[in-house]
Amino acid sequence: MSVSLINAQDKRLKVDGIAAVVGDKIVLDSEIGQMKIQLKQQGVDVQKMNDCDILEQLMQDKMLQIEAKKDTTMVVTDKELESEADQQIDYMKTQMNGSIDKVLEFYNKKTLRELKSQLKSLNKSRKLSQMMRTKVLDEVDISPEEVKTFFDAIPKDKIPEIGTQVELYQMIIKPKPDKEEVQKVIDKLKEIKKKVENGSSFRVQAVLYTQDPGSRENGGKYVITRKSPFVQEFKDVAFSLEEGQISEPFKTQFGWHILYVEEVKGKERTVRHILLRPEIGFLNRRAAEKQMDTIRKRIIDKELTFEEAAKEFSDDEDTKKLGGKIVNPNTGESLLDLTMLDPKLHAYVQDLKEGEITKVIKEKGRTGDEFYKIIMMKKRIPTHKMDFVNDYPKIKEMALEKKKQKVLAKWMNEHIKDNYIKINKDYTHCQFDSNWNKK
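These notes cover the structure that comes with them. (Residues numbered from 1 in each chain as written. Predicted model: local features only at pLDDT ≥ 70, side-chain atom pairs only at ≥ 80, totals over all residues. Heavy atoms only, no water.)

### Thoughts on the overall build of the protein chain
To keep it simple, the criterion reads: The way it works is that DSSP assigns letters per residue, a run of H or I at least four long becomes a helix, a run of E at least two long becomes a strand, and they are numbered from the N terminus. Relative accessible area decides the class of each residue, using a 1.4 Å probe on protein chains only: under 20% of the type maximum gives buried, over 50% gives exposed, and in between gives partly exposed. Each accessible area is a Shrake-Rupley result for a 1.4 Å probe, and residues are judged covered by the shown protein chains and nothing else. Just so you know, the count uses Lys and Arg for positive and Asp and Glu for negative, and it drops His and the chain ends. A charged residue contributes its charge at one atom only: NZ of Lys, CZ of Arg, CG of Asp or CD of Glu.
In terms of regular secondary structure, the protein chain is built from 14 helices and 13 strands. Seen along its three principal axes, the alpha-carbon backbone of the protein chain occupies a region of about 75 × 60 × 40 Å. Per-residue burial for the protein chain yields a buried fraction of 41% across its 439 residues. When the accessible area of the protein chain is evaluated, it comes to approximately 26200 Å², of which 49% is carbon and sulfur surface. The averaged location of the 75 negative side-chain charges in the protein chain is 2 Å from the averaged location of its 81 positive side-chain charges.

### What about the state of the cysteines?
To keep it simple, the criterion reads: Any two cysteine sulfur atoms within 2.5 Å of one another count as a disulfide.
Across all of its chains, the model carries one disulfide by this definition. Here C52 connects covalently by a disulfide to C430, the sulfurs 2.0 Å from one another. Because the sign of the S-S torsion sets the handedness, a value of about -65 degrees for the bond joining C52 and C430 places this disulfide among the left-handed ones. With C52 in helix α3 (residues 51-70) and C430 in the segment after β13 (421-423), this residue pair connects regions lying 378 residues apart in the sequence. Taking relative accessible area as the criterion, C52 reaches 13% and is therefore assigned buried.

### Observations regarding the nonpolar core
Quick note on the threshold: The criterion is simple. A nonpolar core is a set of buried Ala, Val, Leu, Ile, Met, Phe, Trp, Tyr and Cys residues joined through side-chain atoms within 4.5 Å. The contact criterion used is simple: two residues touch if any of their non-hydrogen atoms lie within 4.5 Å.
Formed by 35 residues in total, the largest nonpolar core has its most connected members in L55, M59, M63, M412 and W436. Elements supplying a minimum of two residues to this core: β1 (18-22), α2 (29-41), α3, α6 (112-137), α14 (392-416) and β13. Ranked by residues supplied to this core, first place goes to α3 with nine residues. Once residues within four sequence positions are removed from consideration, M412 is found in contact with Q60, M63, L64, S434 and W436. Residues M171, I299, I357 and I374 belong to the second largest nonpolar core, which totals 14 residues.

### Digging into the sheet that holds strand β7 (residues 255-265)
As a reminder of what qualifies: At least two DSSP bridges between two strands are required for those strands to pair. For helices, the fitted axis covers only the stretch in contact; all axes are lines through C-alpha atoms, and the angles between them, taken along N-to-C directions, range from 0 to 180 degrees.
Strand order in the open sheet made by the four strands is β5-β8-β7-β6, with antiparallel pairing throughout. Unpaired on one side and paired on the other, β5 (221-224) and β6 (250-252) mark the two borders of the sheet. Put simply, the sheet's adjacent strands are angled 45 degrees from each other on average, direction ignored. The pairing of β5 with strand β8 (residues 268-276) spans four bridges and is antiparallel. Of the residues in β8, the one forming a bridge with K221 is R272. In the packing of helix α8 (residues 179-197) onto the sheet, the strands contacted are β7 and β8, and the crossing angle to β7 comes to about 30 degrees.

### Side note on the pairing of strand β4 (residues 165-173)
Both faces of the sheet carry side chains from a regular strand, because those side chains alternate between them. Counted residue by residue, β4 has nine buried out of nine residues, so it is predominantly covered. Every second residue of β4 is oriented toward a common face, with Q165, E167, Y169, M171 and I173 on one face and V166, L168, Q170 and I172 on the other, all of them buried. For β4 and strand β9 (residues 336-337), the ladder comprises two bridges, and the chain directions are antiparallel. Note that in β9 the partner of Q165 across the bridge is D337. For β4 and strand β11 (residues 370-381), the ladder comprises nine bridges, and the chain directions are antiparallel. Its bridge partner being in β11, V166 is matched across the sheet by R380.

### Side note on the environment of N123
Along the polypeptide, N123 turns up in helix α6. Classification of N123 as buried rests on a relative accessible area of 4%. Put simply, N123 and K156 are 33 residues apart on the chain and 44 Å apart in space, counted from C-alpha to C-alpha. Setting aside its immediate chain neighbours within four residues, N123 contacts L81, E84, A85 and Q88.

### Observations concerning the sheet that holds β1
What holds strands together in a sheet is hydrogen bonding between their backbones, with the strands either parallel or antiparallel. The strand order across the open sheet built from three strands is β2-β1-β13, with neighbouring strands paired in antiparallel fashion. Edge strands, defined here as strands with exactly one partner in the open sheet, are β2 (25-28) and β13. Strand-to-strand twist across the sheet, computed as the mean angle between neighbouring axes with direction ignored, equals 20 degrees.

### Quick notes on the packing of α3 against α6
Pairs of packed helices are described in terms of their axes, by the angle between the two and the distance that separates them. Selection rule: Here is the rule for angles: anything less than 35 degrees is roughly parallel, anything more than 145 is roughly antiparallel, 65 through 115 is roughly perpendicular, and the remaining ranges are oblique. Each residue gets one of three labels, nonpolar for Ala, Val, Leu, Ile, Met, Phe, Trp, Tyr, Cys and Pro, charged for Asp, Glu, Lys and Arg, and polar for the others, Gly among them.
Axis separation between α3 and α6 bottoms out at 8 Å; the angle between their running directions is 85 degrees. Considered as vectors, α3 and α6 are oriented roughly perpendicular to each other. Along the contact surface, α3 presents Q60, D61, L64, Q65, E67, A68 and K69, while α6 presents S125, L128, S129, M132 and R133. Per-class residue counts for the contact of α3 with α6 are four nonpolar, four polar and four charged.

### So, unusual backbone geometry
Positive phi is not limited to glycine here, since N108 has a value of about 55 degrees. For N108, a relative accessible area of 67% corresponds to the exposed category.

### Brief notes about the side chain of D316
Using the following cut-off: The term salt bridge refers to a pairing of a side-chain nitrogen on Lys or Arg with a carboxyl oxygen on Asp or Glu at a separation within 4 Å. Identification of polar contacts relies on pairs of N or O atoms within 3.5 Å, with a donor-acceptor requirement for protein atoms, meaning one able to donate a hydrogen and the other able to accept it, and with residues adjacent in sequence counted only if both atoms are side-chain atoms.
Tracing the backbone shows D316 in the loop between α12 (306-313) and β9. The buried charged residue D316 lacks any salt bridge, with K174 as its nearest oppositely charged partner at 6.6 Å. Only 2.8 Å separates the side chain of D316 from the side chain of Q170, close enough to count as a polar contact. Every residue in contact with D316, bar those within four places of it in the chain, is listed here: Q170 and I172.

### Here we look at the pattern of salt bridges
Within this structure, the stated rule accounts for 31 salt bridges. As a salt-bridge pair, K184 and E181 come within 3.4 Å of each other at their nearest N and O atoms. Taken together, the residues K184 and E181, both in helix α8 and three residues apart, mark about one turn of the helix. Linking K362 and E370 is a salt bridge whose minimum nitrogen-to-oxygen distance equals 4.0 Å.

### Points about the packing of α6 against α14
Running from N to C, α6 and α14 point in directions that differ by 110 degrees, and their axes come no closer than 10 Å. As judged from the angle between their axes, α6 and α14 are roughly perpendicular. Contact with α6, carried on its side by M132, R133, V136 and L137, involves K404, V407, L408 and W411 of α14 and no other residues of that element. Tallied by class, the residues present in the contact of α6 with α14 amount to six nonpolar, no polar and two charged.

Geometric values such as these leave the question of function open.
In C-alpha cells:
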C-alpha cells in the first residue's frame, strides 16, 4: 500500500483504515481495536488508555522492528518461527474441537500455508520488537532516591488508590499412578524405541502413540534451543544426545517420554518425542482428595502451618519451596491485586478473610489430569491511598516504568528523525511522548 494514500481524502482514509505510517510499515485503525482486546485479556485497565496511547505503542513497535532489522545480532530463524507457528495452530485446533477447517474459517484463510505464513510474519515482527526493546531498556534501573522523588512529585490530592491486595498460599496434591501402570508406560516406550532402531519411523510412531496434543500431527516434532520454554528435564535430555540418538524413557511433570534428536544445527535442535502418561484409577484419585482434606483439617487444627504442609506434601513445584506462596512471575512480588487475578482464582478467594482456607478444589491441568488443591488467604489489604512505606514495591514499579518510558521516548526521538513518519489527521491532536508529529 503506497504512502501517497495518506494524502488522500478523509473518506478514502477511513476506507483504507490507515492510522499511521512509520518507515515502510503501516499501522491500521483495526490494530488499535485489536490491541485494546489483547491488553484487556492481559488484565490491563484499558479504560485509562485512549486511542492515542495505543497508537503510540503500535508506532513504537514498528520503529523497534525497523531498527532491529538493521542489527545483525538480532536473528530470528525460520525454523524457530516454523515451530512456534505449528504450536499455535495446534493450540487453535484444540480450541476448535480439532478441526483445522474451523480454524481457517475463523481466521478467514483459505489454506493452512496461508495461515502459517501470516503467523510466522507476525511472530517475527513481535520477536524483533521485543529483542530491540530489551536491548534499549535492559540496563535501566532506579535508585531509592529516584523512587522517593517520583512519589513526592505526586500532588497530595492526586495520590492514587491501591485496590485490594492479597497474599495467597496454595498447595496441590496430584493423584499418583500405581507402580504397575508406570512400568507399563516405560515398557511401551522401550518397545517403541526398539521398533525405531529396527527401522520404523519415529515420526509415524509419534503420530500413532504420543499423548502430546501439541505435537501429535507433527510427528512429535519441536525445534528448540536451551532458552526455549520447555521443562528443564526435557531440554537436559535433548542436549545430552547426539544427532540420530534416541533417549531412554525419562520423566517430566507431563508424563514419560522418549526423545529422538533429528538434527543439530548450531544452537538449535530439531527433536521428536513421544509422551505417554500412566493411567490413574478412581481409587488413586479418591486417595489424593482424601489426603488433601486431611491435611487441610490438620492446618485448621493448628497441628502444622500451611507453609510446613506445603513444603512437605505439595506437588506444585512453583510454590513448594516457598511454603506455598504465590508470587507474580514478572515482578517476584507476593502482594497481588485482587481484581487482576485469574477469574477462576478470583472466584475462589474473593470472599476469604485473612487466615481462611478454601475447601478442597478439584481442577484439571494442561494435560487433562485431575489434581486437588487448597488456597489460604495469608494477608488481605483493603483499598487504600498509596503509602510510601507500605506500598514501596508498587511505587518502585511505577517509578521504574515511568523512567523506562522516558528512555524509550528519547530513543524513539533519535530514530524518528531518520525515518519517514506520517500520522492520519484523525490522530494529529494526540499528545505523544515522542515527536511523532515532527513539530
